[in-house]
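As a plain string of letters, each chain reads:
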Amino acid sequence: MNSHVARGNEAKQNQITEASQVKYPFDIAPQPLPQALAAFSAVTGIQVLYTEKSIYSYRSGALQGEFAANDGLHILLDGAGLQFRYTADRSVTIEKPVAVNLNDQVELDAITVVGTRQSRYDSRYAETGTLIAKNITDIPRTVDVIPEQLLLDQHASELEDVYRLSPNVVNVDGYGGSREDFLIRGFRRRDDIYRNGVRLKTNGRVNPDTVDSVQIVKGPVAEIGQMTPGGLVNIITKKPRFIAENHIATDFNEYGEREVQADFTGPLNEEKTIAYRLTTSVENSRNFRKADIDRQFLSSSFYWEGDNGANVNFNYEYTHDERPIDRGVITVPGSGTQRAIVNTSVDTRFDQSDLNNRDVSTHIFELDSAIPVFNDDWTFENKLFYAYEQVDEIRNEVVNVSNTGVLTRRVQGNDDRELATAFVRMQLRGEFDAGLPVDLVSGVELRHQDETWTNFAGANQTGGTVSNPSSFTLIDNTDSNPILRRYTKVKQLSYGPYAQGDIHLTDAVTMTLGARYEIVANEYSQIDRLTDTASGFDPDSDGHLTKSAALVWKPVEKLSLYASYAETFQSQNIYSGDATTAVFSPEKGRQYEVGAKWSGWNDRLLLSGALFDIRQKNVVETVNGTPEMTGGIRSRGAETVITANPVQGLNLRAGVGLLDAEIVSENANNGNTPTNTPDITTSLWVSYEFQKAESNLKGLGFGAGLYHVGNRYGDSAHSFELGDYTLLDLGMWYYLPVRNESRVRFDLGVKNVTDEQYYVASGGTYRVSVGAPRTFFGSIRFEF
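Note that the coordinates shown come from a computational prediction; the quantities given were computed from them, not determined experimentally. (Residues numbered from 1 in each chain as written. Predicted model: local features only at pLDDT ≥ 70, side-chain atom pairs only at ≥ 80, totals over all residues. Heavy atoms only, no water.)

Undergrad: Could you clarify how one ought to interpret the environment of Glu 283 in this entry?
TA: As for its position among the elements, Glu 283 is in strand S19 (residues 274–286). For Glu 283, a relative accessible area of 6% puts it in the buried group. Taking C-alpha positions, Glu 283 is 9.3 Å from Asp 321, a pair spaced 38 residues apart along the chain. Setting aside its immediate chain neighbours within four residues, Glu 283 contacts Arg 258, Glu 259, Ile 293, Asp 294 and Arg 295. (Helix = DSSP H or I, 4+ residues; strand = E, 2+ residues; numbered from the N terminus. Buried < 20%, exposed > 50% of the residue type's maximum accessible area, 1.4 Å probe, protein only. Contact = heavy atoms within 4.5 Å.)

Okay, here's the thing in structure tokens:
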């Protein structure tokens, strides 16, 4: 046994004894043993693991009333011929009793997790941003993990409802609300979002029905490749489970949201070595801006696990999303260089609906495999990923407003946009002793992206006014009077090795080192269909080394203090705006972060706080479709998050972010706050559900959310402000038991209770996104 493990055994044993003596209120009916153990885990927060597959053939007895964890497990396992043992202070393994000769060596089977939930909104496990899977309290950076349960309780119809739960994260314009867009610590994502650890450019929305959890990783991650230094969002999709879980649900609201979804998962064979998951949804909705949303989604997954621990997971996902590009409201000239957002109702449209539609179809194929090697001390992991996206769009938007309020608009769009992304990863994961214990992940990745599209636009059309935009009828003049028709093709190739290691210097101190060398090669070609002229760029390939280093010190078991440094870069060799093509140097960034994380109340409380300093150079910002090099951004700030389950049924998640971000440039914008960046963000979501068996209100729950975003500027020149806003959301639900273990959940609630008028973000002078007014919603969900 490694010395750093041995020295910690006595302290851990004391924690195990303490945890096992705490009494918990149980209300677990007789049922298949795996489901009963999952319910036990949900109540106690103790992770339950097993090595014995015959567990699926047993049923548990009833467990009702207050019991210590050990007593509860004895009752559930009574008659099954199984025993349990603690493998950590909050983790037990279920197994058959084995008579062991003390002179013999015993090799344990691979362990499978049955239940892990710590509390309703607390998710402690993260891998992206660390490569080495570990508890969040052991990660030397800020990572927010938002589980599916929180999406359900908040009635999240888009992921923009999730981003606001993380400090110093705000929503941005999102190409008129048609794709994911956000700022993290003052830095806007490019076109990329991460999906199960793969960097994926996407021109559409991510359907929330695919989400198991959302990981928001703050700051650069040197080992995973290109990204903005503010951080990344990684969507963890739903995976097959060996316990049957099914639900059918419908969502609706007063403005016309109409969605039906279904999710099915469970084993496919008696040996419980193959599992499946099928998730699907259909939406035909209208929002408060009278924009129609037509969306279909299908995800199918299959998982196989061998006796030696080898496993394979395959997933196919299809999404179709059709909606208009809603540029929101506009600004009008003010005094001097200042502008003002037009004073109008929240549903006023400055576009023409019959000339505005965006149709996105996406196919994703994903194959993961893991094989134990070298006497099962290491694991050889592989990922194959392919995504194909097809987009057609036509839109019209304001390009100018005269001093008298007359509008000039343009009809434009993109034809046959096709985007294909292929990704391959091979890596080894394991541990060894090099004088000190070391956990290591090392591998190589290759990513190839091919994108083509035809950009078109008609001549400007003048007519209609700020007070009456529909008084003039636009025509589609993109063929009869075109000013632009341009075919573009972009190829991007990146590849390289990476490694990350945790070196355990002592029982209490771990040093993490990481590095990645990435080679990038881009090609760009263009054909002007109006003049039949061609142009292109083929820059030389470029390599970049990014590095990270961190220390974690645990002065006591539940408290982690850390300091970290990380670098990143992001290729932008070729940039195409509405009418501009430019070549820019890659963005480069670095971050220093120090922080603390504390887990208390038998893991029912997680408190984290961090201070950070980020610098980035070679920043490009798009203003009204034109790329501009702002020079750089410096961002300094602090944030804290608390997730707690202080008493049974009460759960809360709260966060506060403070940010001081400024543009560093030689132009007039030097010292200004970047576009859409607030100096403060706060969020609070708290819920209470009656859970005690003797309560007549058992199954009734209430939730309330409070969100505040500070003032933001609508452009880098500070020519207009978006203002600040505070939103209050309320919700309630009730679980109605039906026969067997089935139940129906009814939800009712209201978002933006005070009906505050606010602006979500600015995409430019004539692109100001409008926030939703007070909205009543509901849902019905049948779980079986």
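Next comes the rest of the account.
Undergrad: How should I be thinking about the pattern of salt bridges in this particular structure?
TA: Once the charged atoms of two side chains with opposite charge are near each other, the side chains can pair. Considering all chains together, one arrives at 56 salt bridges under this definition. The salt bridge partner of Asp 729 is Arg 164, with a shortest N-O separation of 2.9 Å. In this pair, Asp 729 sits in strand S44 (residues 725–737) while Arg 164 sits in the loop between helix H6 (160–163) and strand S10 (169–171), placing the two residues 565 residues apart along the sequence. Of the residues examined, Asp 729 reaches a relative accessible area of 5% and is grouped as buried. Here Arg 164 falls in the buried class, since its relative accessible area comes to 18%. Between Glu 451 and Lys 201 there is a salt bridge; the shortest N-O distance is 2.6 Å. (Salt bridge = Lys/Arg side-chain N within 4 Å of Asp/Glu carboxyl O.)

Undergrad: Even after reading the chapter, I still don't get the pairing of strand S27 (residues 437–458), so can you show me in this structure?
TA: On a regular strand, one side chain projects to one face of the sheet and the next to the other, so that they alternate. Extensive coverage of S27 is indicated by the burial of 16 of its 22 residues. Alignment of strand S26 (residues 406–433) against S27, held across 20 bridges, turns out to be antiparallel. Bridge pairing links Gln 412 to Ala 457 in S27. The hairpin turn running from S26 into S27, its antiparallel successor, is three residues long, and Gly 435 in that turn takes a positive phi close to 90°. Sheet topology note: the S27/strand S29 (residues 482–504) ladder contains 21 bridges and is antiparallel. (Pairing = 2+ DSSP bridges.)

Undergrad: Is there a simple way to think about the sheet that holds S10 in this case?
TA: Each strand in a sheet pairs with its neighbour through backbone hydrogen bonds, running either in the same direction (parallel) or in the opposite one (antiparallel). Within the open sheet, the three strands sit side by side as S10-S11-S12. Their pairing is antiparallel. With partners counted over all chains shown, the strands left at the sheet margins are S10 and strand S12 (187–188), one partner each. Examined bridge by bridge, strand S11 (residues 182–184) and S12 share two bridges and lie antiparallel to one another. For Ile 184, the partnering residue across the bridge sits in S12 and is Phe 187.

Undergrad: I would appreciate a short explanation of the sheet that holds strand S9 (residues 143–147) in the present structure.
TA: With respect to topology, five strands assemble into an open sheet ordered S9-S15-S16-S13-S14, the strand pairing being mixed. The open sheet has two edge strands with one neighbour each: S9 and strand S14 (198–201). Each neighbouring strand pair of the sheet contributes to a mean axis angle of 30°, computed without reference to strand direction. Two elements, S9 and strand S15 (residues 211–218), share five bridges in a ladder whose sense is antiparallel. Opposite Ile 146, over in S15, you have Val 214 as the bridge partner. (Axes fitted to C-alpha atoms, helices over the stretch in contact; angles between N-to-C directions.)

Undergrad: I tried to follow the side chain of Arg 781 on my own but got confused; where do I start?
TA: Take Arg 781: it is sitting in strand S48 (residues 775–783). Owing to a relative accessible area of 14%, Arg 781 belongs among the buried residues under this scheme. A polar side-chain atom of Arg 781 sits 2.8 Å from a polar atom in the side chain of Glu 783. Excluding its chain neighbours within four sequence positions, the residues that come into contact with Arg 781 are Leu 152, His 247, Ile 248, Ala 249, Arg 743, Val 744 and Arg 745. (Polar contact = N/O pair within 3.5 Å; in protein donor to acceptor, adjacent residues only side chain to side chain.)

Undergrad: Is there a simple way to explain the packing of aromatic side chains in this structure?
TA: All told, the structure shown has 11 aromatic pairs when counted by the stated rule. Each ring, one from Phe 242 and one from Tyr 303, has its centre 6.0 Å from the other, and the planes form 70°; the classification is edge-to-face. Note that Phe 242 is positioned in the loop between strand S16 (231–237) and strand S17 (245–253) and Tyr 303 in strand S20 (residues 292–305), a separation of 61 residues in sequence. Of the two residues, Phe 242 and Tyr 303, neither departs from the other in class, the shared state being buried. A ring pair is formed by Tyr 565 and Tyr 592, whose centres lie 5.0 Å apart and whose planes are at 45°; its orientation type is tilted. Note that Tyr 565 is positioned in strand S33 (residues 559–570) and Tyr 592 in strand S36 (residues 587–600), a separation of 27 residues in sequence. Residue Tyr 592 is classed as partly exposed on the basis of its relative accessible area, which comes to 46%. Members of the aromatic cluster, connected to one another through ring pairs, are Tyr 24, Phe 26 and Phe 40. Above the face of the Tyr 175 ring, Arg 179 is positioned so that its terminal group lies 4.8 Å from the ring centre. (Phe/Tyr/Trp six-rings, centres within 6.5 Å; stacked < 30°, edge-to-face > 60°. Lys NZ or Arg CZ within 6 Å of the ring centre and 35° of its normal.)

Undergrad: Honestly, helix H3 (residues 33–44) in this entry has me stumped. Any pointers?
TA: The α-helix winds at 3.6 residues per turn, so residues separated by three or four positions along the chain end up facing the same way. Spanning 12 residues, H3 covers 16 Å between terminal C-alpha atoms, matching the ideal 16 Å at 1.5 Å per step. Among the residues of H3, those classed as buried are Leu 33, Pro 34, Ala 36, Leu 37, Phe 40, Ser 41 and Thr 44. Considered in projection along H3, the buried side chains sweep an arc of 160° and stay on one side of the axis. A positive backbone phi angle near 75° is found at Gly 45, which sits one or two residues after H3. (Expected span 1.5 Å × (residues − 1). Arc of directions from axis to C-beta.)

Undergrad: Can you help me understand the packing of H3 against helix H4 (residues 69–77) in this one?
TA: When two helices pack together, their arrangement is captured by the angle between the axes and the distance separating the axes. At a minimum axis separation of 11 Å, H3 and H4 run at an interaxial angle of 170°. Looking at the two axes, H3 sits roughly antiparallel to H4. In this structure, the crossing between H3 and H4 has a hand that is right-handed. Facing H3, whose interface residues are Leu 33, Ala 36, Leu 37 and Phe 40, H4 presents Ala 69, Leu 73, Leu 76 and Leu 77. Within the contact of H3 with H4, the residues separate by chemical class into eight nonpolar, no polar and no charged. (Parallel < 35°, antiparallel > 145°, perpendicular 65-115°, else oblique. Left-handed = near helix turned anticlockwise from the far one by under 90°. Nonpolar A, V, L, I, M, F, W, Y, C, P; charged D, E, K, R; others polar.)

Undergrad: Quick question: what am I supposed to make of the environment of Gly 657 here?
TA: Assignment of secondary structure puts Gly 657 in strand S41 (residues 650–663). Along the backbone, Gly 657 and Ala 638 are 19 residues apart, and their C-alpha atoms lie at a distance of 5.9 Å. Excluding residues within four positions of it along the chain, Gly 657 makes contact with Pro 167, Asn 168, Ala 638, Glu 639, Asp 679, Ile 680 and Thr 681.

Undergrad: I'm lost on the nonpolar core in this one. Help?
TA: Soluble globular proteins: nonpolar side chains tend toward being buried together. In terms of nonpolar packing, the biggest core is built from 29 residues, with Leu 159, Val 214, Val 233 and Ile 235 touching the most fellow members. Of all the secondary-structure elements, those providing two or more residues to this core are helix H5 (148–154), H6, S10, S11, S15, S16, strand S43 (700–709) and S44. If we ignore the near neighbours within four places in the chain, the residues touching Val 214 are Asp 144, Val 145, Ile 146, Leu 159, Val 162, Val 233, Asn 234 and Ile 235. With 21 residues, the next largest nonpolar core counts Leu 33, Phe 40, Val 48 and Leu 77 among its residues. (Core = buried A, V, L, I, M, F, W, Y, C linked by side-chain atoms within 4.5 Å.)

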